[in-house]
Amino acid sequence: TQLLEQSPQFLSIQEGENLTVYCNSSSVFSSLQWYRQEPGEGPVLLVTVVTGGEVKKLKRLTFQFGDARKDSSLHITAAQPGDTGLYLCAGSGGGKLIFGQGTELSVKP
Amino acid sequence: GAVVSQHPSRVICKSGTSVKIECRSLDFQATTMFWYRQFPKQSLMLMATSNEGSKATYEQGVEKDKFLINHASLTLSTLTVTSAHPEDSSFYICSAKSDRGQETQYFGPGTRLLVL
């Protein structure tokens, strides 16, 4: 069974701080997606990483896929209150998405 | 592009009744759709995979007779919660995978079900 361990599960920081969320697995994924979800809404796709070692940037968000395609990280620079939400990583495996536990991020002004 | 809608967005029903939730891919064809359940502050739990024109594949522990899934066309899948009980109250989310062979799933906005 493929599992994705996401950490931390909860993160409360002040505006302007940096943070990193990690997703780790013992399995190899063909691709990995990061989503952001706000309360009462569905997840919104932020990025898909496919190639081992790949780094993608989306404004203040930097996503990295591990060389072995077993892990990924999301780094947010100078977090803002608008970044508050649930961040989910999900790996593609067997035609399905395997989700991490999620990271509940709260950025206080 | 890649918009997925769900209807209704919220539903309140009495215990023992059945509720149908629709999931539509609006601007693409989806050979595969997925149904998830989510509890507050938790991640998504896959319930079943729905393929157009064939029976759904249910995850372990999900009752197929309670959660009926129909994927009658390339743009529509429905989830029917039969004889709903309060413990079925949850946030149900569908997603759709494009028929272009990509792995990315596009999620609907979710349906909040409350069973009284």
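Calculation rules
Residues numbered from 1 in each chain as written. Chains lettered and ligands numbered in written order. Predicted model: local features only at pLDDT ≥ 70, side-chain atom pairs only at ≥ 80, totals over all residues. Heavy atoms only, no water. Salt bridge = Lys/Arg side-chain N within 4 Å of Asp/Glu carboxyl O. Helix = DSSP H or I, 4+ residues; strand = E, 2+ residues; numbered from the N terminus. Buried < 20%, exposed > 50% of the residue type's maximum accessible area, 1.4 Å probe, protein only. Contact = heavy atoms within 4.5 Å. Buried area = accessible area lost by both parts, 1.4 Å probe. Polar contact = N/O pair within 3.5 Å; in protein donor to acceptor, adjacent residues only side chain to side chain. Pairing = 2+ DSSP bridges. Axes fitted to C-alpha atoms, helices over the stretch in contact; angles between N-to-C directions.

Asker: I would appreciate a short explanation of the pattern of salt bridges in the present structure.
Answerer: Here the idea is simple: oppositely charged side chains can pair when their charged atoms come close. One pass over the full model with this rule turns up seven salt bridges over all chains. For A:Lys56, the salt bridge goes to A:Glu54, with nearest N and O atoms at 3.7 Å. As a salt-bridge pair, B:Asp88 and B:Lys66 come within 2.9 Å of each other at their nearest N and O atoms. Remark: B:Lys66 occurs in the loop between strand E6 (57-58) and strand E7 (67-73) and B:Asp88 occurs in the loop between strand E8 (76-81) and strand E9 (90-98); sequence separation between them is 22 residues. Here B:Asp88 and B:Lys66 have matching classes, each one buried.

Asker: Quick question: what am I supposed to make of the interface of chain B and chain A here?
Answerer: In many analyses, interface size is given as the accessible surface area lost on bringing the parts together. Between chain B and chain A, the contact holds 20 residues from the first and 22 residues from the second. Interface area, chain B with chain A, both sides summed: about 1400 Å², of which 55% is carbon and sulfur. Here chain B and chain A share two salt bridges between them. B:Lys41 serves as the salt-bridge partner of A:Glu104, at 3.8 Å between the closest nitrogen and oxygen. Scanning the region where chain B abuts chain A turns up six residue pairs in polar contact (both at pLDDT 80 or more).

Asker: So what exactly am I meant to see when it comes to the sheet that holds strand E3 (residues 19-25) of chain B here?
Answerer: Across a sheet, paired strands are connected by hydrogen bonds in the backbone, their directions being either parallel or antiparallel. Residue and element names in this part refer to chain B. Taken in spatial order, the four strands make up an open sheet running E1-E3-E8-E7, and their pairing is antiparallel. This sheet does not close on itself; its edge strands, each paired only once, are strand E1 (4-7) and E7. Adjacent strand axes in the sheet meet at a mean angle of 15° when their direction is disregarded. Relative to E8, E7 is paired through five bridges, and the arrangement is antiparallel. Bridge assignment links Ser73 to a residue of E8, and that residue is Leu76.

Structural measurements only, silent on function.
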